[in-house]
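# Results of the structural survey
So the chains spell out like this:
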Amino acid sequence: MASPVEKTYSDRQKAPSDTTRVSWLERVRYYLPTALIFVAVLLLWEGLVRGLDIKQFILPAPSAILDAFMGSLAQMVNLGIYTGTEALGGFIIGCALGIGVSLATSRWTTARETLLPLAIAANSVPIIAFAPVMNNWFGVSNQFSKMAIVAVITFFPMMINMTRGLTLVDPSALELMRSYAVSEWKTLREVRIPNSLPYMFNAFKVCSTLALIGAVVGEFFGGTRDALGVYITQEAAQFRFQNSWAAIIIACILGIGFYLLIVALERLVIPWHASVRKTEE
Amino acid sequence: MSVVSISSVNKVFGKAPNQTIALQDINLAIEPGEFISLIGPSGCGKSTLLRIIGDLISPSNGVVLVNGKPAPQARENREYGIVFQAPVLFDWRTVEKNVQLPLEIMGQTPSERAARANEMLELVELTGFQKHYPYQLSGGMQQRVSIARALSFNPPLLLMDEPFGALDEITRERLNAELLAIWARTQTTIVFVTHSIPEAVFLSTRVVVMSARPGRITEIIPIDLPQPRDMATRELPRFYALVTQVREALRGGESAKG
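This write-up is about the structure you can find in this document. Predicted model only: the values in this text are computed from it and were never measured. (Residues numbered from 1 in each chain as written. Chains lettered and ligands numbered in written order. Predicted model: local features only at pLDDT ≥ 70, side-chain atom pairs only at ≥ 80, totals over all residues.)

## A look at the overall build of chain B
Here is the rule: A run of H or I in DSSP becomes a helix once it reaches four residues, and a run of E becomes a strand once it reaches two; helices and strands are each numbered from the N terminus. Each radius of gyration is computed over the set of C-alpha atoms, and the globule rule expresses the reference value as 2.2 Å times the number of residues to the power 0.38. Backbone-placed C-beta atoms define the burial measure: a residue is buried with 20 or more other C-beta atoms within 10 Å of its own, exposed with 12 or fewer, and partly exposed in between. We call two residues in contact whenever the C-beta atoms placed from their backbones are within 7 Å.
Of the regular secondary structure elements, chain B holds eight helices and 10 strands. For chain B, the C-alpha radius of gyration of 18 Å lies close to 18 Å, the compact-globule estimate for 258 residues. Relative to its full complement of 258 residues, chain B shows a buried share of 49%. In chain B, 70% of the contacts between residues at least 6 apart in sequence involve partners at least 24 apart.

If you want it as structure tokens, here you go:
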């Protein structure tokens, strides 16, 4: 519930235009070192590859990767869309199931207490090992086989986090609702679900990364040439490493984009939560 | 008719042989418009007694009547408001939406709720903070929102569990005075749990002194300080005399057990 934060209203009554300008400048100052280091690493990489004459099949220079990337941009975009669809589809299925099971069990303590240890145990199993099985079940060239892998991988963290969010509620808040003599359903809606939203977004962040790993690694075990994972392995097998690296860039863009989308959604949905409002200070 | 009538209430936690007797043979009648403080050392069961009055927990035996009805029925009828030590505001609701929570539950229309919330926020001197979120307020302001929420549906009884315990002395004394003003205006009966002797004396019409292990009522001290009370009340010789009387009653309870 509300923590006694010392920061009070008076801090927040500055003229809005002022604060935005300051925060914009501060943002540049905040990200500048990161950007500089990123550029420096690329330059160092390029310099080392050229200076030490490193063979391109060991490590291609950033310029060679960029050439390969720009040279087959349309294909790269298609690879991204194909695998991104798998990751997103599996993410939606897995998270929906995770949230659903967690909501369904939140009312019944015994169901929850039986399921939760199982879920935690299952979460520590390297589920990606099931990828060949899923490929076999749903067809190796069927996108759904990858979605199934992603769904299984994302289900457990989602369910575990969501269950925590629904159950780790301030006991006084539950007493307050009891004093209003409301139904369990109303308590779920007014207290437990809002309380679980920060946990849910944390799980979304974890699952977004897992979804992309699941989809790409699933494709390593087979699939059509439209798939990122298949493309990366095939190009690598034929020593066209700059192409594999170009595909890895697409995977990075997908991963970061997915993550940023969730962060944006989080700011929209839970602006009141500490993880979000910190950036305003 | 008493607002609260407690007869022969016992509360035992745990099962034999690891039982703790939290409350033993509690008898108390609280009349309309009274301000009753429950004071005692940690573990004397004062918060437990408050929760039994509110039917948040059940007594092991004995009878608790609120407005002449069994406590569970009074709770179903929403006949009391409660304020905890922590403000227990919902982070996801603005100040006005927090105050409106019980009104929403009771099915009031949005315009009724908004009007009532504004009225309540004026009562606790927080007009202008309707659209703020709890994290934007200081601890004392948050607790005032919590009081506004408890009073919003005009309950005949207000239960307060060490509501100012987490606040600094200066804020606490100011809120004590504000609470008395609210009490005078709303005519609500208040049951107030506290650790602080001066707070209990300043606020109450009667102070109920409790002792620990087992939790019992050792003495009930009427506070005859004139109303309305203000900061000057704390300077009166009678105030000091009553503080001393409560302190000695508390000590008496201590030495009696051991």
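Now, onward.
## As for the environment of B:Leu49
All names here are of chain B. Structurally, Leu 49 can be placed in helix α1 (residues 46-53). The spacing of Leu 49 and Leu 23 is 26 residues in sequence and 7.6 Å in space, taken between C-alpha atoms. Excluding anything up to four places from it in sequence, Leu 49 contacts Leu 23, Ile 26 and Leu 38.

## A word on unusual backbone geometry
One can expect most non-glycine residues to show negative phi and most peptide bonds to be in trans. In this model, B:Arg213 is joined to B:Pro214 through a cis peptide bond whose omega is -5 degrees. Of note, B:Pro214 is situated in the loop between β9 (206-211) and β10 (216-222). The residue after B:Gln227, namely B:Pro228, is reached through a cis peptide bond having omega -10 degrees. By the secondary structure assignment, B:Pro228 is in the loop between β10 and α8 (237-257). Even without being a glycine, A:Asp53 presents a positive backbone phi close to 55 degrees. With a phi angle near 50 degrees, B:Asp25 is a residue other than glycine that sits in the positive phi range. With respect to the element layout, B:Asp25 can be found in strand β2 (residues 20-30).

## Looking at the sheet that holds strand β3 (residues 35-39) of chain B
Residue and element names in this part refer to chain B. Selection criterion: The pairing criterion is simple: DSSP has to find at least two bridges between the two strands. Note on geometry: axes are lines fitted to C-alpha atoms, helical ones only across the stretch in contact, with angles between N-to-C directions running from 0 to 180 degrees.
One open sheet accounts for six strands, arranged β6-β7-β8-β3-β9-β10; its pairing is mixed. The open sheet has two edge strands, β6 (80-83) and β10, and neither has a second partner. Pairwise comparison of adjacent strand axes, ignoring direction, gives a mean angle of 15 degrees for this sheet. Pairing geometry for β3 and β9, over four bridges, is parallel. Bridged to Ile 36 within β9 is Arg 206. Along the sheet, helix α5 (residues 139-151) contacts β6 and β7 (157-161); its crossing angle with β6, the most-contacted strand, is approximately 170 degrees.

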